[in-house]
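# Structural overview for review
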Amino acid sequence: MSPAELRDLAIEIARESGELARRRRAEGVSLAATKSSLADIVTEADREVEALIRARLAAERPDDGFLGEESGTGAGTSGITWVVDPIDGTVNYASGIPLYAVSIAAVEGEDPDRWTPLAGAVHSPVVGEMFSAARAEGAFVDGTRLRIAEPGPAGALLATGFGYDPSTHVGDLATVGRVMPIARDLRRGGSAATDLAYVAAGRLDGYFERGLQPWDFAAGALLVTEAGGRFIRPEGADVVRRLNLAGSAELVTELERRILHQP
Ligand code: IPD
C-alpha cells in the first residue's frame, strides 16, 4: 500500500472508532449514574476503541506491527507498525470536555527516534474534524490543505501540556516561564494529538510538552511536518521526560534555545 492508501485506511478506521468513543461516552454517563463509576466507563471505552482499531487493522493489514496505548505491542513482518492512541485526551473525555481525539499512525520502523512516519489520522469525533496526512502528500483537515503559521508581531500562540504526575508540575511551570516572553498567549487543551493537529492547521503557532508517549505524537508529528513545520524531540538533560517541540523551523529553534539552552 502507498502512504496515501495507508492514510485512507487510517481515516476510515479513525472515523469508525471515533464514533464508537463518542457513543460510549454518551451511554456511559447514564450507566455510571446507576451502576459503575465514570472512571470505569472511560477505561472500558479506551480498551474497546483500541480493540476495534486493532481488529480492523489485523483484518486489513495482517502482517503489520501494532503499538497501542492500551494493549501494547504486537510484532509484524512487513516493516510497518501502526501506532495508536484510541482516546487521546482521556481526562477531557472523562470530564465531558469535547476536545479528545482518536490518533492512528502508520510508521516504518519501531524506534520512535528513527522511524519514518508514513501516514496518520487525528479525528475529533465531537468537533467533527478529520486531520490526515500521508508522507510527501501534504496534510489536510477534511478537504482543506494545512499550512503551519508563523508567529505575528504580538508573539506566538503556544500550547503545552503537563504530565499527570504532580511532582513534575513545578518543573513544567518553570518551562512555561521560559517561553512566555515570546508568547502572545498559552493554551492547555488536554490532547497532545489535537494540539499537534492545530499547529499543522496554523491555529496554534507552536507546541511544547515533556514526556509524551509515541502514540500521543506519532500521527500529529506527521501532520506538522507535512504542513511545512518541524517536530523534534531534543534530548536535553531530562532523558526520561523528553521534550517535544512543534511549529515553524524558526519557532522550534527558539523554543529549544529558551527551554534547554538558556542559562
Ligand atoms: C495525554 C494527552 C495530554 C497530554 C498528556 C498525554 P492521554 O494523553 O495527550 O494532552 O498532556 O501528556 O498523556 O493519556 O489522554 O491519551
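Relevant structure appears above.
The present account deals with the structure reproduced in this document. (Residues numbered from 1 in each chain as written. Predicted model: local features only at pLDDT ≥ 70, side-chain atom pairs only at ≥ 80, totals over all residues. Heavy atoms only, no water.)

### Some details on the pattern of salt bridges
- Considering all chains together, one arrives at 17 salt bridges under this definition.
- Between Arg 24 and Glu 48 there is a salt bridge, with its nearest N and O atoms 2.6 Å apart. Separated by 24 residues along the polypeptide, Arg 24 in helix H1 (residues 3-34) and Glu 48 in helix H2 (residues 38-60) bring together distant segments of the chain.
- Among the residues examined, Glu 48 registers a relative accessible area of 31% and is labelled partly exposed.
- For Arg 114, the salt bridge identified is with Asp 111, shortest N-O distance 3.1 Å.
- Since its relative accessible area comes to 68%, Arg 114 is described here as exposed. (Salt bridge = Lys/Arg side-chain N within 4 Å of Asp/Glu carboxyl O. Helix = DSSP H or I, 4+ residues; strand = E, 2+ residues; numbered from the N terminus. Buried < 20%, exposed > 50% of the residue type's maximum accessible area, 1.4 Å probe, protein only.)

### Re the layout of surface pockets
- Approximately 530 Å³ is the volume attributed to the largest pocket.
- What lines the largest pocket is a set of 27 residues, among which Phe 162, Tyr 164, Glu 209, Leu 212 and Asp 216 lie closest to the centre.
- Secondary structure elements with two or more residues in the lining of the largest pocket: strand E3 (80-88), helix H3 (90-95), strand E11 (206-210) and helix H6 (214-226).
- Residues that form the lining of the largest pocket fall into these classes: seven nonpolar, nine polar and 11 charged.
- Here the lining of the largest pocket spans two domains, since at least three of its residues come from each of domain 1 (3-145) and domain 2 (156-261).
- Approximately 250 Å³ is the volume found for the second largest pocket.
- Within the residue set of the lining of the second largest pocket, elements represented by two or more residues are H6 and strand E12 (230-232).
- If you tally residues by element for the lining of the second largest pocket, the top one is H6, at five residues. (1 Å grid on protein atoms, 1.4 Å probe; cavity = no way out; pocket = protein on both sides within 12 Å on 5 of 7 lines; lining within 4 Å. Points joined across faces, edges and corners; volume = space filled by probe spheres on them. Nonpolar A, V, L, I, M, F, W, Y, C, P; charged D, E, K, R; others polar. Domains from an automatic or database assignment.)

### Remarks on the nonpolar core
- The biggest cluster of nonpolar side chains holds 36 residues, and the ones touching the most others in it are Val 122, Phe 131, Tyr 207 and Leu 223.
- Both domains that meet at this core, namely domain 1 (3-145) and domain 2 (156-261), each give it at least three residues.
- The next biggest cluster of nonpolar side chains, apart from the first, holds 27 residues, and it includes Leu 6, Ile 80, Tyr 93 and Ala 121. (Core = buried A, V, L, I, M, F, W, Y, C linked by side-chain atoms within 4.5 Å.)

These figures come from the coordinates and say nothing about function on their own.
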